[in-house]
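Breakdown of the fold
One letter stands for each residue in the lines below.
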Amino acid sequence: MRDVEVLDLNFRNASQAIGAFLVKSSAGLILVETGPESTFSVLNSQVEALGYQLSDIRYVLLSHIHFDHAGAAWKLAQAGAQVYVHPVGLPHLASPDRLWNSASQIYGAENMGKLWGRMEPIPESAMTEASHGESFVFGDVSFTAWHTPGHASHHIAWEFEGGLFTGDVAGVKICGGPAVPPCPPPDIHMEAWKDSLQLIRKIAPSRLYLTHFGMIEMIEQHLDELEEAMDSWAMWIKAEFDNGTTVEDATPRFMEFTRAQMNSLGVSEAVQSLYEYANPSWMSVAGLMRYWKLKAQGRL
Ligand SMILES: [Zn+2]
């Protein structure tokens, strides 16, 4: 398998919180994930440190349109890249106002610029929809898109020469800590997510590339661990939901619960704080509360 360069975007000065991946082809560079616009200058210098320029990036493949994965895609499109995205995600990148406004409600309008930078529309002609199972040839390499909902309805895992770029569907694992599920609102769907993990087991890649963060080779073990964490988090939040607890009240107790899990595995405080940057607890509480609410209403 050819080289995959793992780029660390140093999000909020934290290493291994958000990554992107660079693959060389005879048709130019392929960038998988872009990180947010707030780390664009870091992306730029990482690309230059490898001896390339941004304009050498001809193709950008996105796992999904959340800001930590796709927030800088418009900048790459401006520099001439073609952006490959799930059909459901494409209209949101073409007119990002709704995406931006709904994120502002989650993160607070005053925090948006600092966290994510800016977002501008991407012309539809600079984007290509990627269907489930569709392969794309870029010079001497090819990538296949697998629709993998659960974390987000518009999520793609990209298969490439026995490796799989998993975005968020294969969870977060940082510095040898545990595999955990990022569960932000509004799309969390545990059953769909489990089906996506089944699909990944069937594809049977030899390497996973996690945006948060890096390469995993013990794949079955990783996925087992992730499924266990999904069940444990979901059931913990279900008990809170059944008791009528608010997100605000549940969050500090959820943080105690996950801290105890991390401590029992010997994960250091420093690494625990990286997990919090990559996957904030309050977001997972909000996402899982919403999941249980929609289920109780018969809407999932
Ligand atoms: Zn993410």
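Residues numbered from 1 in each chain as written. Predicted model: local features only at pLDDT ≥ 70, side-chain atom pairs only at ≥ 80, totals over all residues. Heavy atoms only, no water.

So, about the overall build of the protein chain. What the protein chain contains, in helices and strands, is 11 helices and 12 strands. For 300 residues, the compact-globule estimate of 2.2 N^0.38 gives 19 Å, and the C-alpha radius of gyration of the protein chain, at 18 Å, lies within 12% of that figure. For the C-alpha atoms alone, the extent of the protein chain along its principal axes is close to 55 × 40 × 40 Å. Looking at the protein chain residue by residue over its 300 residues, the buried ones come to 56%. Within the protein chain, counting contacts between residues at least 6 apart in sequence, those at least 24 apart form 68% of the total. Total accessible area on the protein chain is roughly 12400 Å²; 49% of this is exposed by carbon and sulfur atoms. (Helix = DSSP H or I, 4+ residues; strand = E, 2+ residues; numbered from the N terminus. Rg over C-alpha atoms; globule rule 2.2 N^0.38 Å. Buried < 20%, exposed > 50% of the residue type's maximum accessible area, 1.4 Å probe, protein only. Contact = heavy atoms within 4.5 Å. Areas by Shrake-Rupley, 256 points an atom, 1.4 Å probe, with all protein chains shown as cover.)

Looking at the zinc ion, the protein donor atoms are D68 (OD), H69 (NE2), D168 (OD) and H212 (NE2), and they sit 2.0 to 2.3 Å from it. Its four donor atoms give the zinc ion angles of 84 to 153° at the centre, a pattern that matches the irregular case. Between the donor residues of the zinc ion, the gaps in sequence give the motif D-H-x98-D-x43-H. A residue pair is termed long-range when its members are at least 10 positions apart, and D168 in the loop between β10 (163-167) and α7 (190-203) and H212 in the loop between β11 (207-210) and β12 (214-216) qualify at 44 residues. A residue is classified by how much of its surface remains accessible, and D168, at 2% relative accessible area, is buried. (Donors = N, O, S within 2.8 Å, 3.2 Å for Na, K, Ca; no water. Tetrahedral: all angles 85-135°; square planar, octahedral: opposite > 155°, others 65-115°.)

Locating Y275 in the fold gives a position in helix α10 (residues 269-278). A residue is classified by how much of its surface remains accessible, and Y275, at 4% relative accessible area, is buried. Residues Y275 and V180, spaced 95 residues apart in sequence, show a C-alpha to C-alpha distance of 9.1 Å. Excluding its chain neighbours within four sequence positions, the residues that come into contact with Y275 are V172, K173, I174, G177, P178, V180, M262 and P280.

Below, the discussion takes up the layout of surface pockets. One number sums up the size of the largest pocket: a volume of about 800 Å³. Taken together, 38 residues line the largest pocket, and the ones lying closest to its centre are H66, A103, I106, Y107 and P185. Among the elements of the structure, α2 (67-70), α5 (97-107), α6 (109-116), α10 and α11 (281-296) are those that each provide at least two residues to the lining of the largest pocket. When the residues that make up the lining of the largest pocket are grouped by side-chain class, the tally is 20 nonpolar, 11 polar and seven charged. (1 Å grid on protein atoms, 1.4 Å probe; cavity = no way out; pocket = protein on both sides within 12 Å on 5 of 7 lines; lining within 4 Å. Points joined across faces, edges and corners; volume = space filled by probe spheres on them. Nonpolar A, V, L, I, M, F, W, Y, C, P; charged D, E, K, R; others polar.)

Across all of its chains, the model carries 11 salt bridges by this definition. The residue K75 makes a salt bridge to E37 at a minimum N-O spacing of 3.4 Å. Separated by 38 residues along the polypeptide, K75 in helix α3 (residues 73-78) and E37 in the loop between β3 (28-32) and α1 (40-49) bring together distant segments of the chain. By relative accessible area, E37 is classed as buried at 13%. Among the ionic pairs, K173 bridges to E225, the shortest N-O distance being 3.5 Å. Remark: E225 occurs in helix α8 (residues 219-242) and K173 occurs in the loop between β10 and α7; sequence separation between them is 52 residues. On the accessibility criterion, K173 (19% relative accessible area) is buried. (Salt bridge = Lys/Arg side-chain N within 4 Å of Asp/Glu carboxyl O.)

By themselves, these figures tell us nothing about what the structure is for.
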